[in-house]
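Topology and contacts: notes
The residues making up each chain are set out below.
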Amino acid sequence: MTSILFIVFLPLLAAIVAGFGNKSVPGVVAKGVTTGALFVSCALSWPIFLGFMSGSLSATVTPVLHFITSGTFDASWSLRVDALTSVMLVVITSVSALVHLYSWGYMSEDPDQPRFFAYLSLFTFAMLMLVTADNLIQMFFGWEGVGLASYLLIGFWFKKPSAQAAAIKAFVVNRVGDLGFMLGIFGTYLVFDTVSIPAILEAAPGMAGSTIGFLGYRFDTMTVLCLLLFVGAMGKSAQLGLHTWLPDAMEGPTPVSALIHAATMVTAGVFMVCRLSPMFEASPTALMVVTGIGAATCIFAATIGTTQTDIKRVIAYSTCSQLGYMFFAAGVGAYGAAMFHLFTHAFFKALLFLGAGSVIHAMHHEQDMRFYGGLRKHIPITFWAMMLGTLAITGVGIYGFGGFAGYHSKDAILEVAWASGRGQGAFWVGTFAALLTSFYSWRLMFLTFWGKPRWAGSEHIQHAVHDAHGHGHDAHGHDAHAHDDPAAEDAGHSPHAHGHDAHELPTGTAGYHPHESPLVMLIPLIVLSLGAVFAGFVFHHWFIEPEAGETFWRGSLFFNEHLMHEMHQVPLLVKLAATIVMIIGLVVAWMAYIWRTDIPKRFTATFDVLYDFIAHKWYFDELYHLLFVRPSFAIGRFFWHKGDEGTIDRFGPNGSAWVVALSSRVAGRIQTGYVYTYAFVMLLGLTAAATWVIAG
């Protein structure tokens, strides 16, 4: 299958052209090369996916090059294409191609467009290398590649201190997860004597019940390996404990947020667990941990999403929550359902992020939803696109008829969690998280598109009104609020956690006229809207139906056909639970932000402690700052002052320089320049020499 070579390496070639050309290549050339390469990759990916759906294609491995061969160790590079890979190919290339196109309009005034598009294409290439890996070494290459690219893109506006801090935070937190992933790879090679993924998965069931030495104790082999690998997944997919980098990643341009959250970095952990699902099936303990962490992340992130006022941060926490659904689906053994939600989520999450970018573009870089209101008549295409995305993420549908994308995938996860018997706790957690998802999603819509305009209170709008020429949009590094305190942001505080409620802000337009985005930004919204509407209804048969799913996946992941049968036998109330809580969340949001807009203020006044706790994101950033950041800086300062300056510099270069300087001063006192001084010294020398000769 030679087409896979073009799919994977065209983005790399485009990144090289745009990146190395940078200033010497015109912006339109860099954009054209990178965007064209992604659309070609996308066009080549869909036939592969449809071929696996129809049954006309089977798994193939395309050799690329010999990398490392030493004894029994062989890490040759090959591109593996099976049903699981085909799903990821269409997700990655479709979303990335549309993000590239969207960026033509969004980044149109940025002076560093070639660099930006090069980073986007590099990011895409790294993710494609990850999902086509035939061995763990190649997967790790892609794994680290997306980490590097995310660092470059999050910190794209590197002159902003907040962007620098966010990029470093993402990089460091992911290094923690990557340590676990590396240890898992080392342990897997130690146990199976190979890094070949097919060979490992074939041998994994036979290792059930064996033990391995770790940290001085004996543990179940597969449990140790799977938990170490899952630590890596927690970092990349921002699960509870290693999630703190994801909201701060909003410092990057909005197209970057769409690519990270919908199609690339955060999906890597879910993909890895599904790819190695036979290993996880050999360890019930590991599956229980995956289920627990996924469910906890699901509810944790959903609670925080209810208090955020930055439109991008609300969507960011929804990503964290939806990833929790995917993991607890995998934890109960429904890997097909996890991948189905990953597939549908890619479309509606990219739609929501790019829609938010269109709103920010219309509102002159303003991201605080409390300064929006009444926008649906001014930016109607953006409004309807975000409406469809909201209907998809909240799971709107009619039982027995179908619905939007999230209705099919999220409801399937809840049903299979109940049917599994071991995930009923996750079912209740996921159901409550679905209620919160509905609430914060409709809250976003009501604050942004309904009510009276509250634009007059925005400093960005005031700036736009008083400066007719403006500065473009957030492509100039103003994506975050100019009036926000970067130090507070870096410390983990929402810049508006203690601000005014929306109904307390002054109403009025201040003479500002929001504008719809250019066509090049609207086309991706329209295409993604189709995915948000139809992706669940059209494709659910192949992902999660018992017989069709077994035929489609064909061993590319562990597919429990019996569990999928049981999913359809759950009680009617279980099937309707997600729809019921969706309606409750919608009604509560309507009451609080349309009918009685003073309800949020009265709620926060009554439950101020709870509100502060959630608004400060459960104080994870403050806790980590206390436990890790401050001690690390203290240790660094100690070695800096005592070790570097006090020891190495003191007795090394600085000490040597001091000795030379002292010697020079002493010699300088002798070198007076007077003849009688030199004659006196000579006389002393002659006297000493004569004395030595006579005494001798």
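These numbers come from a predicted model, not from an experiment. (Residues numbered from 1 in each chain as written. Predicted model: local features only at pLDDT ≥ 70, side-chain atom pairs only at ≥ 80, totals over all residues. Heavy atoms only, no water.)

1. Structural notes on the overall build of the protein
Counted only if it meets this: Each helix is a run of H or I in the DSSP string that is no shorter than four residues. Each strand is a run of E no shorter than two, and both are numbered from the N terminus. Throughout this description, buried means an accessible area under 20% of the type-specific maximum (1.4 Å probe, protein chains only), exposed means over 50%, and partly exposed covers the range between. Contact definition: two residues touch when any of their heavy atoms are within 4.5 Å. The method behind every accessible area is Shrake-Rupley, applied with a 1.4 Å probe, and residues are considered shielded solely by the protein chains displayed. When charges are counted, neither His nor the chain ends are considered; positive counts come from Lys and Arg and negative counts from Asp and Glu. A single reference atom marks each charge: NZ on Lys, CZ on Arg, CG on Asp, CD on Glu.
When you go through the protein residue by residue, the secondary structure sums to 29 helices and 8 strands. Considered along the principal axes of its C-alpha atoms, the protein spans approximately 125 × 70 × 55 Å. Burial analysis of the protein (696 residues in total) assigns 56% to the buried set. In the protein, once contacts between residues fewer than 6 apart in sequence are set aside, the share between residues at least 24 apart is 79%. Looking at the protein as shown, the accessible area adds up to about 27,500 Å², and 70% of this sits on carbon and sulfur atoms. Each charge sign in the protein was given a centre, from 34 positive and 43 negative side chains, and these centres are 6 Å apart.

2. Observations concerning the nonpolar core
In plain terms, the rule: Among buried residues, those of type Ala, Val, Leu, Ile, Met, Phe, Trp, Tyr and Cys that are joined through side-chain atoms within 4.5 Å constitute a nonpolar core.
Ranked by internal contacts, the top residues of the largest apolar core, which has 197 residues, are Trp245, Met279, Phe280, Phe343 and Trp553. Not counting residues within four places of it along the chain, the set of residues in contact with Trp553 comprises Ala83, Leu84, Val87, Gly336, Met339, Trp542, Phe543 and Phe559.

3. Quick notes on the pattern of salt bridges
We apply this condition: For this document, the term salt bridge refers to a Lys or Arg side-chain nitrogen within 4 Å of an Asp or Glu carboxyl oxygen.
Scanning the model with the defined rule gives 16 salt bridges in all. A salt bridge links Arg313 to Asp248, with the nearest nitrogen and oxygen atoms 3.3 Å apart. Here Asp248 lies in helix α9 (residues 245–248) and Arg313 lies in helix α14 (residues 311–331), a separation of 65 residues in the sequence. Overall, Arg313 belongs to the buried group, its relative accessible area being 3%.

4. Some thoughts on the environment of Gly187
Positionally, Gly187 belongs in helix α6 (residues 161–192). Judged by its relative accessible area of 12%, Gly187 falls in the buried class. Expressed as a C-alpha distance, the spacing of Gly187 and Pro161, which sit 26 residues apart in the sequence, is 39 Å.

5. Here we look at a nonpolar patch on the surface
Just so we agree on the cut-off: Patch building starts from residues that exceed 30% relative accessible area and form no salt bridge, then joins like charges within 9 Å and nonpolar side chains (Val, Leu, Ile, Met, Phe, Trp, Tyr) within 5 Å.
Residues Phe603, Phe607, Leu610, Phe613, Trp618 and Tyr619 make up a contiguous nonpolar surface patch of roughly 540 Å² in combined accessible area. Within the element layout of this structure, Leu610 appears in helix α26 (residues 608–615). A residue is classified by how much of its surface remains accessible, and Leu610, at 42% relative accessible area, is partly exposed.

6. Topic: the environment of Val587
In this structure, Val587 sits in helix α24 (residues 572–595). The spatial distance from the C-alpha of Val587 to the C-alpha of Glu366 is 27 Å, given a sequence separation of 221 residues.

7. With respect to the packing of helix α15 (residues 335–362) against helix α17 (residues 405–420)
Just so we agree on the cut-off: The axes used here are C-alpha line fits, helices contributing only the stretch in contact, and every angle between their N-to-C directions lies in the interval 0 to 180 degrees. Should an angle lie under 35 degrees it is considered roughly parallel, over 145 roughly antiparallel, and from 65 to 115 roughly perpendicular; all remaining angles are considered oblique. The handedness criterion is simple: a crossing whose near helix is rotated anticlockwise from the far helix by less than a right angle is left-handed, and one whose near helix is rotated clockwise is right-handed. Each residue is assigned to one of three groups, with Ala, Val, Leu, Ile, Met, Phe, Trp, Tyr, Cys and Pro labelled nonpolar, Asp, Glu, Lys and Arg labelled charged, and all others, Gly among them, labelled polar.
As a packed pair, α15 and α17 sit with axes 9 Å apart at the nearest point and diverge in direction by 150°. One way to sum up the angle between α15 and α17 is to call them roughly antiparallel. The hand of the α15/α17 crossing is left-handed. Counting all contacts with α15, which are made through Ala337, Phe340, His341, Thr344 and Phe348, the residues of α17 involved are Ala405, Gly406, His408, Ser409, Lys410 and Ile413. Here the contact of α15 with α17 is composed, by residue class, of 5 nonpolar, 5 polar and 1 charged.

8. Comments concerning the side chain of Thr431
Operational definition: Polar contacts, as counted here, are pairs of nitrogen or oxygen atoms within 3.5 Å of one another; within protein the pair requires one atom able to donate a hydrogen and one able to accept it, and residues that are adjacent in sequence qualify only if both atoms are side-chain atoms.
By the element assignment, Thr431 lies in helix α18 (residues 424–449). Residue Thr431 is classed as buried on the basis of its relative accessible area, which comes to 7%. A polar contact of 2.7 Å, which involves the side chain of Thr431, links it to the backbone oxygen of Phe427. Setting aside residues no more than four positions away along its own chain, Thr431 makes contact with Leu414, Ala577 and Val581.

9. Quick look at the confidence of the model for the protein
Here is the rule: pLDDT gives the predictor's per-residue confidence on a scale running from 0 to 100.
Overall, the predicted model of the protein reaches an average pLDDT of 89, with 94% of residues at or above 70. Helix α16 (residues 380–393) holds the highest mean pLDDT among the elements of the protein, 96, whereas helix α20 (residues 486–490) holds the lowest, 31. For residues 469–499, every residue scores under 50 in pLDDT, and the model assigns this stretch 87 contacts once sequence neighbours within four places are set aside.

10. Things to note about the packing of aromatic side chains
Our working definition: Centres within 6.5 Å make a pair out of two Phe, Tyr or Trp rings, where for Trp the six-membered ring is used; the pair is then stacked when the planes are under 30 degrees apart, edge-to-face when over 60, and tilted otherwise.
Per the counting criterion, the structure on display carries 47 aromatic pairs. With centroids separated by 4.3 Å and ring planes inclined at 25°, the aromatic side chains of Trp143 and Phe181 adopt a geometry described as stacked. Taken together, the residues Trp143 in helix α5 (residues 136–154) and Phe181 in helix α6 connect sequence positions 38 residues apart. Look at Trp143 and you get buried, because its relative accessible area is 0%. Classification of Phe181 by relative accessible area gives buried; the value is 0%.

11. Description of the state of the cysteines
Where we set the bar: Two cysteine sulfurs form a disulfide in these notes if their separation is within 2.5 Å.
Summed over all chains, the structure comprises 0 disulfides. Note on Cys274: no disulfide assigned, nearest cysteine sulfur contributed by Cys226 at a separation of 13 Å. Take Cys274: its relative accessible area is 0%, and that puts it in the buried class.

12. Quick look at helix α1 (residues 3–21)
Put simply, the rule is: Here a helix's expected span is defined as the number of its residues, less one, multiplied by 1.5 Å. The angle between axes fitted to the seven residues ending at a residue and the seven residues starting there is what we call the bend at that residue.
For α1, spanning 19 residues, the distance from its first C-alpha to its last is 27 Å, which sits close to the expected 27 Å at 1.5 Å a residue. Along α1, the sharpest change in direction is near 35° and occurs at Phe9; proline Pro11 comes one to four residues later. Where α1 is concerned, the buried positions are Ile4, Ile7, Val8, Pro11, Ala14, Ala15, Ala18 and Gly21. The elements touched by buried residues of α1 are α2 (27–54), β1 (60–65), β4 (77–81), α3 (83–106) and α4 (113–131). Asn22, located one to two residues past α1, shows a positive phi value of around 35°.

13. Comments concerning the environment of Val416
Considering the arrangement of structural elements, one finds Val416 in helix α17. Once the C-alpha coordinates of Val416 and Gln569 are considered, the two residues, 153 residues apart in sequence, prove to be 9.8 Å apart. Contact partners of Val416, with chain neighbours within four places excluded, come to Val332, Ala334, Leu563, Met564 and Met567.

14. Here's the deal with helix α8 (residues 221–236)
For α8, with 16 residues, the first-to-last C-alpha span of 24 Å sits near the 22 Å given by 1.5 Å per residue. Counting buried positions along α8 yields 14 of 16 residues, so the element is predominantly enclosed. One side-chain oxygen of the residue at the start of α8 lies 3.4 Å from the amide nitrogen of Met222, identifying that residue as Asp220.

15. Some thoughts on the packing of α2 against α3
Packing of α2 against α3 leaves a shortest axis separation of 8 Å and a crossing angle of 150°. The orientation of α2 relative to α3 falls into the category roughly antiparallel. Along this stretch, α2 crosses α3, giving a crossing that reads as left-handed. Considering only residue class, the contact of α2 with α3 consists of 16 nonpolar, 10 polar and 1 charged.

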